[in-house]
Amino acid sequence: MFLLGGAGLALSACVPTRGPTLGADGKPLPQVYRIKPGDEEVISFRLLDSVNTLRAARSLSPLAFDARLNAAAATHSRDMSVQNRPWHFGSDGSSPLMRVQRVGYTGRLVGELISETYETELVTLSAWMAQADTRAVIMDPQARQIGFSWFQEPNGKIWWTLITGA
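These notes cover the structure that comes with them. (Residues numbered from 1 in each chain as written. Predicted model: local features only at pLDDT ≥ 70, side-chain atom pairs only at ≥ 80, totals over all residues. Heavy atoms only, no water.)

With that settled, consider the overall build of the chain. Secondary structure summary: the chain contains six helices and four strands in total. Overall, the chain shows an N-to-C arrangement of helices and strands of α-α-β-α-α-β-α-α-β-β. Looking at the chain as a whole, 39% of its 166 residues are labelled buried. (Helix = DSSP H or I, 4+ residues; strand = E, 2+ residues; numbered from the N terminus. Buried < 20%, exposed > 50% of the residue type's maximum accessible area, 1.4 Å probe, protein only.)

Structural data, given as structure tokens:
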């Protein structure tokens, strides 16, 4: 009886595990990335560390967070959600330059990157780095400050905004 019980337990461990769901292209479909309360600082600094690692590889100065740029990024992320479209103009017609001026940023706006996704900040950074025009904003040698924020909808969609300034 003891041997049969042990064999039954061993066989139950052989149940195949379910792998990721694959899309039509054969690649795994992305999973919804849920940002939990209290994760804000970890996410922000993980992004900043990654950006600065990429910049260091090209002997560029590191970026530092600027609270005003963070505020402009947060405002725009929420506004993109309200508009339900990723674009650089606010629902009031504001441009990235107008938004950084509104929060009191006196430096020069280098650029703004946006994304609408269900994926992590590092996947989003990777997508930005894969395109020459968005990579140029992150790797601009004149950039010294960064603002970064997001807004996550209840369905999991995340609106990311990254702003660089000099």
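Within a sheet, neighbouring strands are paired by backbone hydrogen bonds and run either parallel or antiparallel to one another. One open sheet accounts for four strands, arranged β1-β3-β4-β2; its pairing is mixed. In the strand order of this sheet, the two ends are held by β1 (64–65) and β2 (109–117), each with one partner. Where β2 and strand β4 (residues 158–165) come together, eight bridges link them in antiparallel fashion. Paired with Ile114 across the two strands is Thr161, which belongs to β4. Against the sheet, helix α3 (residues 67–83) engages β1, β2, β3 (145–152) and β4, with an angle of about 30 degrees to β3. Sitting on the sheet, helix α5 (residues 121–129) is in contact with β2, β3 and β4, with an inclination near 120 degrees to β2. (Pairing = 2+ DSSP bridges. Contact = heavy atoms within 4.5 Å. Axes fitted to C-alpha atoms, helices over the stretch in contact; angles between N-to-C directions.)

A word on the packing of aromatic side chains. Taken as a whole, this structure holds five aromatic pairs when the rule is applied. Residues Phe45 and Phe65 carry aromatic rings whose centres are separated by 5.3 Å and whose planes lie at 85 degrees to one another, so their mutual orientation is edge-to-face. Remark: Phe65 occurs in strand β1 and Phe45 occurs in helix α2 (residues 40–56); sequence separation between them is 20 residues. On the accessibility criterion, Phe45 (39% relative accessible area) is partly exposed. Taken together, the aromatic side chains of Phe148, Trp150 and Trp160 make up a single cluster linked through ring pairs. Directly above the aromatic system of Trp87 lies the positively charged group of Arg85, at a separation of 3.9 Å from the ring centroid. (Phe/Tyr/Trp six-rings, centres within 6.5 Å; stacked < 30°, edge-to-face > 60°. Lys NZ or Arg CZ within 6 Å of the ring centre and 35° of its normal.)

Geometry only, nothing functional implied.
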